[in-house]
Amino acid sequence: MTTPSLNDVVEAAHELWPVSLAQDWDASGLVSGHPDAPVDRVLFAVDAVQGTAREAIDAECQLLITHHPLLMRGASFLPSSNDKGRVLHTLIEGGCGLLASHTNADSMLGGVSDALIEACGVESARPLGDPEGETGIGRVGDLPHETTLGDLARRLASVLVPTAGGLRVAGPKDGTVRRVAVCGGAGDSLFDEVRHAGADVYVTADLRHHPASEARERALIDGGAPYLIDCSHFASEELWLAHGARMLQENLAGKGFEVEILLSSVNTDPWDFVIVPEDVPVSASTDPEGSGYAR
Ligand SMILES: [Zn+2]
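In every chain, residue numbers begin from 1 and rise along the written sequence. Note on the predicted model: pLDDT of at least 70 is required for a residue's local features to be given, and 80 or more for side-chain atom pairs to be given and counted; whole-chain, interface and lining totals, by contrast, use all residues. For the side-chain quantities, the full set of heavy atoms in the structure was used; hydrogens and water were omitted.

Draft legend 1. How the structure looks around the nonpolar core. Residue types Ala, Val, Leu, Ile, Met, Phe, Trp, Tyr and Cys, when buried and joined through side-chain atoms within 4.5 Å, form a set referred to as a nonpolar core. Think of it in three bands: residues with accessible area under 20% of the maximum for their type are buried, residues over 50% are exposed, and the middle band is partly exposed, with areas taken using a 1.4 Å probe on protein chains only. Grouped together as the largest cluster of nonpolar side chains are 47 residues, with contacts concentrated most on F44, V180, V203 and L248. With eight residues, helix α9 (residues 233–254) is the largest single contributor of residues to this core. In this structure, A170, A181, L207 and L228 belong to the second largest nonpolar core, which totals 15 residues. Counting from the N terminus, the helices are the DSSP runs of H or I reaching at least four residues and the strands are the DSSP runs of E reaching at least two.

Here you go:
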């Protein structure tokens, strides 16, 4: 077994998550680093922020692989005094490269939404946007046994990394669920696909008021489903880190390369605490089958 170069690791990552599968607006790929530099330790994280950059340097990693691109919307100025520049300077000065595997890792089999739907208990899933294909955004599949919305939410809460906001659920706690649709990260553009797939529940993150409210209003006309489970964007994607690390390690080992791959333990969910209105009377839900949560 030999030590790979940074370029060897990037090539392996791009075999697993081809950049050709990334969306046009995305910025997946190698952000910084010397292609010829040897890499014997890699850190996997969801976000390229100062906390994970420091974590990579402190653990003596030569490559940080993140799901979210640091420079998604481009940048003209990267002095160490601005937020993005500080992260990049930390990495470059610490001798650590940066690679982003974003919508290409969402799309590929074994990707971000596969990890999320597996955590829901679904054993076999297909892409939500392209049911015939093998790649694409989101996943849908059936649970081996029917369960309730409340139990599925509790199961997810027990496997997702804990975050301040927890989970928000729309629908009756005892509502029956069997077909589960998921999209790791912000998935409010996929409601048509979720309905088309006949999902009983949609698990995603960052659901805003209007898309969520409109989806529930429409679901009530259609009989109540799909219910919604809204989790932390970070937590919904953090599940993938272990999958991604294992796939990369196996790919490299198959080529005779030895690399240690670490998973970030920095929680990059931006929220720190929530106030739950325990003592405030909660108005009845407008949903006749609703859970009674305040709207
Ligand atoms: Zn994301």
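Draft legend 2. The arrangement of the packing of helix α1 (residues 6–16) against α9 in detail. Where α1 meets α9, the closest approach of the two axes is 10 Å, and the angle between their N-to-C directions is 115 degrees. When you trace α1 past α9, the crossing you get is right-handed. Taking contact as the criterion, the partners of D8, V9, A12, A13, E15 and L16 in α1 are, on α9, M247, L248, N251 and L252. Per-class residue counts for the contact of α1 with α9 are seven nonpolar, one polar and two charged. For helices, the fitted line uses only the C-alpha atoms of the stretch in contact; every axis is such a line through C-alpha atoms, and the angle between N-to-C directions lies from 0 to 180 degrees. Crossing handedness follows the turn of the near helix against the far one: under a right angle anticlockwise gives a left-handed crossing, and clockwise gives a right-handed one. For this analysis, residues touch if any pair of their heavy atoms sits within 4.5 Å. Just so you know the grouping, Ala, Val, Leu, Ile, Met, Phe, Trp, Tyr, Cys and Pro go in nonpolar, Asp, Glu, Lys and Arg go in charged, and all remaining residues, Gly too, go in polar.

Draft legend 3. Representation of the pairing of strand β8 (residues 176–186) within the structure. The pairing of strand β6 (residues 139–148) with β8 spans six bridges and is antiparallel. Directly across from T147, in β8, lies its bridge partner V177. Examined bridge by bridge, β8 and strand β9 (residues 201–205) share four bridges and lie parallel to one another. From the neighbouring strand, A181 faces β9, where its bridge partner is Y202. In terms of handedness, the path from β8 via helix α7 (residues 191–196) over to β9 forms a crossover that is right-handed. Pairing between two strands requires that DSSP report at least two bridges joining them. With strands facing away from the observer, any crossover in which the path from the first strand over the helix to the second runs clockwise is taken as right-handed.

Draft legend 4. Quick look at the coordination of the zinc ion. Only N, O and S atoms count as donors, using a 2.8 Å cut-off from the metal and 3.2 Å for Na, K and Ca, and because water is excluded some sites may appear unfinished. Only H68 (NE2), H233 (NE2), E237 (OE) and E237 (OE) from the protein coordinate the zinc ion, and they sit 2.1 to 2.3 Å from it. Considering all four donor atoms around the zinc ion, the spread of angles at the metal, 57 to 129 degrees, places the coordination shape in the irregular class. Expressed as a motif, the donor residue spacing for the zinc ion is H-x164-H-x3-E. With a gap of four residues between them, H233 and E237 both fall in helix α9, about one helical turn apart. The class for E237 is buried, based on a relative accessible area of 3%. Donor angles set the geometry label: tetrahedral for four donors if every angle is between 85 and 135 degrees, square planar for four and octahedral for six if opposite donors exceed 155 degrees and the others are between 65 and 115, irregular for anything else.

Draft legend 5. Local environment of the sheet that holds strand β4 (residues 97–100). Spatial ordering of the open sheet is given by β1-β4-β3-β2-β11, a layout of five strands whose pairing is mixed. Each edge of the open sheet carries a strand with a single partner, namely β1 (29–32) and β11 (260–263). Going across the sheet, the axis of each strand differs from the next one's by a mean of 25 degrees, ignoring polarity. Where strand β2 (residues 41–45) and β11 come together, four bridges link them in parallel fashion. Looking at the pairing, V42 lines up with I261 of β11. Packing against the sheet, helix α2 (residues 50–58) makes contact with β2, β3 (63–66) and β11, and its axis sits at approximately 160 degrees to β2.

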